[in-house]
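# What the coordinates show
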Amino acid sequence: MNNFSLHLATKVLFGQGQIAHLASVIPADARVLITYGGGSIKRNGVLDQVHSALKNYTLFEFGGIEPNPTFETLMKAVEVVHNNKINFLLAVGGGSVLDGTKFIAAAADYVGETWDIVASGGKSVTKALPIGAVLTLPATGSEMNAGAVISRKETGDKQAFHSPYVLPRFAILDPLTTYSLPPRQVANGVIDAFVHTMEQYLTYPVDAKVQDRFAEGILLTLIEEGPKALKEPENYAVRANIMWSATMALNGLIGAGVPQDWATHMLGHELTAMHGLDHAQTLAIILPAIMRAKKTQKWEKLLQYAERVWGIDRGTEDERIEAAIKKTEQFFQQMGAPTRLSDYQLDGSSIPALIKKLEEHGMTHLGEHGDITLEESLKIYQSAR
Ligand code: NZQ
Ligand code: ZN
């Protein structure tokens, strides 16, 4: 196992009815800006619950944070923060609202060009407003991690930044809030959490048994519960297991002390930025292509994945690995996400432009060995057609 340092500082309030306890986690004298997306929290009653939990607070609202939150929209929220002397941000929604709120928090008192927050990968951030989260879409893990992904319309960029200053102080996870999710977002969430787990698991063995078995437990849970969530949207136990899986998939725990490979996400971000595919839709296309392209480097973990997650223990090693990749594709398809670019009417003609964007963003040595060069990424995109 590799050395690591781990500090999981987000307080989690999990379960039905927890939104009512918001006042126990926000300072009483806070001037709170509630940030949200396109209005789902108004339709499903979550915003009303937040208001009744915080009826003695000074509250402001900023809505309209879009999926794949944009710099342009978020800068308007920064103005609201300044004009109203906001000192606490409460993000209510999915990963986009949470990520967007992290950017607002970092940008509020930022000195210099605000896009540098993202361009520097978060390194230039030295302070941020405190954030809390009420999550309504289990997927990204943003509620308990220090990362955010921000898009910029003007330039067609979609890039991540990380800063300990934007880690949410608390996360309220009430599975009931997820009952109103449309099937496509249920699928997106399950696939995103699945791929986060894979990217911290499917590399090479370092004898990290706890991390491996936690990761396998998350994968097995998502495979078991994902399809059920589509069939039984109001099954509390199913929703609860998916919600906790998604948080655990990207809160730092399973990634501590193990090699990681975020190439699927990096290649996927460019697809979203250029073609507007949902984040998880891109992952369902790219992950199987990377599993095949990096088969040799990931050989041992692929065999372990095949056996422990899919119960595949017959056939040659090559056959077992290919069977596990097929199972992975079938799982994504079963959730409703196609696994080819052509399924989205993309013929591959934009691949050179995607590679150019990767280069611009410094994504030239991806993967756990840093050996996914631009040439390799080109082959991966091509094989995903
Ligand atoms: O905007 P509203 O009206 O709220 O509707 C949203 C949105 O249209 C809807 N939704 C959310 N909760 C709902 C609901 N609809 C009904 N009922 C509910 N309970 O779902 C739609 C998608 O929401 P979004 O927040 O965009 O989805 P998700 O949580 O998948 O977030 C995706 C974003 O997170 C980034 C992605 O790149 C993408 O920009 N990521 C962030 C990460 C992180 N911070 O660690 C890691 C991830 O890998 C990912 O890259
Ligand atoms: Zn993701």
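In what follows, the accompanying structure is described. (Residues numbered from 1 in each chain as written. Chains lettered and ligands numbered in written order. Predicted model: local features only at pLDDT ≥ 70, side-chain atom pairs only at ≥ 80, totals over all residues. Heavy atoms only, no water.)

What follows deals with the overall build of the protein chain. The helix and strand inventory of the protein chain stands at 14 helices and eight strands. The C-alpha atoms of the protein chain give 20 Å as radius of gyration, which agrees with the globular expectation for 385 residues (21 Å, within 12%). Taking the principal axes of its C-alpha atoms as reference, the protein chain extends roughly 65 × 45 × 45 Å. Summarising the internal contacts of the protein chain: among those between residues at least 6 apart in sequence, 78% fall at separations of at least 24. Positive and negative side-chain charges of the protein chain, numbering 35 and 42 respectively, have mean locations separated by a distance of 2 Å. (Helix = DSSP H or I, 4+ residues; strand = E, 2+ residues; numbered from the N terminus. Rg over C-alpha atoms; globule rule 2.2 N^0.38 Å. Contact = heavy atoms within 4.5 Å. Lys, Arg positive; Asp, Glu negative; His and termini not counted. Charge placed at Lys NZ, Arg CZ, Asp CG, Glu CD.)

Perfect tetrahedral coordination of a metal by four donors corresponds to 109.5 degrees between them, and perfect octahedral coordination by six donors corresponds to 90 or 180 degrees. Surrounding the zinc ion (ligand 2) are the protein donor atoms D192 (OD), H196 (NE2), H265 (NE2) and H279 (NE2), at 1.9 to 2.2 Å. Each donor residue of the zinc ion (ligand 2) lies on the same chain, and together they follow the pattern D-x3-H-x68-H-x13-H. Linking D192 in helix α6 (residues 183-199) with H279 in helix α10 (residues 279-293), this pair joins segments that are 87 residues apart in sequence. Considered together, D192 and H279 belong to a single accessibility category, that of buried residues. (Donors = N, O, S within 2.8 Å, 3.2 Å for Na, K, Ca; no water. Buried < 20%, exposed > 50% of the residue type's maximum accessible area, 1.4 Å probe, protein only.)

What follows is about α6. In this model α6 runs 24 Å from its N-terminal to its C-terminal C-alpha over 17 residues, within 8% of the 24 Å that 1.5 Å per residue would give. Among the 17 residues in α6, 14 count as buried, and that is most of the element. (Expected span 1.5 Å × (residues − 1).)

Note on placement: T264 falls in helix α9 (residues 263-275). With residues near it in sequence (within four places) discarded, T264 still touches V195, E199, L283, I286, L287 and I290.

Here we come to the pairing of strand β8 (residues 170-173). Burial of the side chains of β8 extends over both faces: F170 and I172 are buried on one face and A171 and L173 on the other. Looking at chain direction, strand β5 (residues 131-135) and β8 are connected through four bridges and run parallel. If you follow V134 over to β8, its bridge partner there is I172. (Pairing = 2+ DSSP bridges.)

Turning our eyes to something else, we now look at the site of ligand 1. For ligand 1, the set of nearby residues contains 33 residues, the closest of which are G38, S40, S96, H196 and H265. Between ligand 1 and G39 there is a distance of 3.1 Å, counted from an oxygen atom to a backbone nitrogen or oxygen. Here an oxygen atom of ligand 1 sits 2.7 Å away from a polar atom, N or O, in the side chain of H196. Those elements that provide at least two residues to the shell around ligand 1 are α4 (95-107), β6 (147-152), α6 and α9. Tallied by class, the residues present in the shell around ligand 1 amount to nine nonpolar, 21 polar and three charged. (Near = heavy atom within 4 Å. Polar contact = N/O pair within 3.5 Å; in protein donor to acceptor, adjacent residues only side chain to side chain. Nonpolar A, V, L, I, M, F, W, Y, C, P; charged D, E, K, R; others polar.)

Attention shifts here to helix α14 (residues 374-383). The complete set of buried residues in α14 reads L374, E376, S377, I380 and Y381. Down the axis of α14, the buried set is contained in an arc of 155°. They therefore lie on one face. Along α14, the residues that are exposed and aim more than 90 degrees away from the buried face are E375 and K379. If you follow the buried residues of α14, they end up packed against α9, α10 and α13 (351-360). (Arc of directions from axis to C-beta.)

Below, the discussion takes up the packing of α9 against α13. Running from N to C, α9 and α13 cross one another at 120°; their axes reach a closest spacing of 10 Å. By the criterion of interaxial angle, the relationship of α9 to α13 is oblique. Handedness of the α9/α13 crossing: right-handed. Contacts from M266, L267, E270, L271 and M274 in α9 reach A353, L354, K357 and L358 in α13. For the contact of α9 with α13, the class distribution of residues is seven nonpolar, no polar and two charged. (Axes fitted to C-alpha atoms, helices over the stretch in contact; angles between N-to-C directions. Parallel < 35°, antiparallel > 145°, perpendicular 65-115°, else oblique. Left-handed = near helix turned anticlockwise from the far one by under 90°.)

Below, the discussion takes up the pattern of salt bridges. As enumerated under the stated definition, the model contains 15 salt bridges in all. Note that R292 and E322 form a salt bridge whose closest N and O atoms lie 2.7 Å from each other. In this pair, R292 is assigned in helix α10 and E322 in helix α12 (residues 317-335), connecting sequence segments 30 residues apart. Note that E322 is salt-bridged to K326, the shortest N-O span being 3.4 Å. Remark: K326 and E322 occur in helix α12; sequence separation between them is four residues, near one turn of the helix. (Salt bridge = Lys/Arg side-chain N within 4 Å of Asp/Glu carboxyl O.)

Under the counting rule described, the total for this entry stands at nine aromatic pairs. Ring centres of F71 and F103 lie 5.8 Å apart, and the angle between their planes is 75°; this geometry places the pair in the edge-to-face category. Of this pair, F71 sits in helix α3 (residues 71-83) while F103 sits in helix α4; the two residues are 32 residues apart in sequence, bridging distant segments of the chain. The burial state of F71 is the same as that of F103; both residues are buried. Their ring planes at 75° and their centres at 6.5 Å tell us that F103 and F161 sit as a pair that is edge-to-face. Of the two residues, F103 sits in helix α4 while F161 sits in strand β7 (residues 157-162), which places them 58 residues apart along the sequence. Of the two residues, F103 and F161, both sit in the buried class. (Phe/Tyr/Trp six-rings, centres within 6.5 Å; stacked < 30°, edge-to-face > 60°.)

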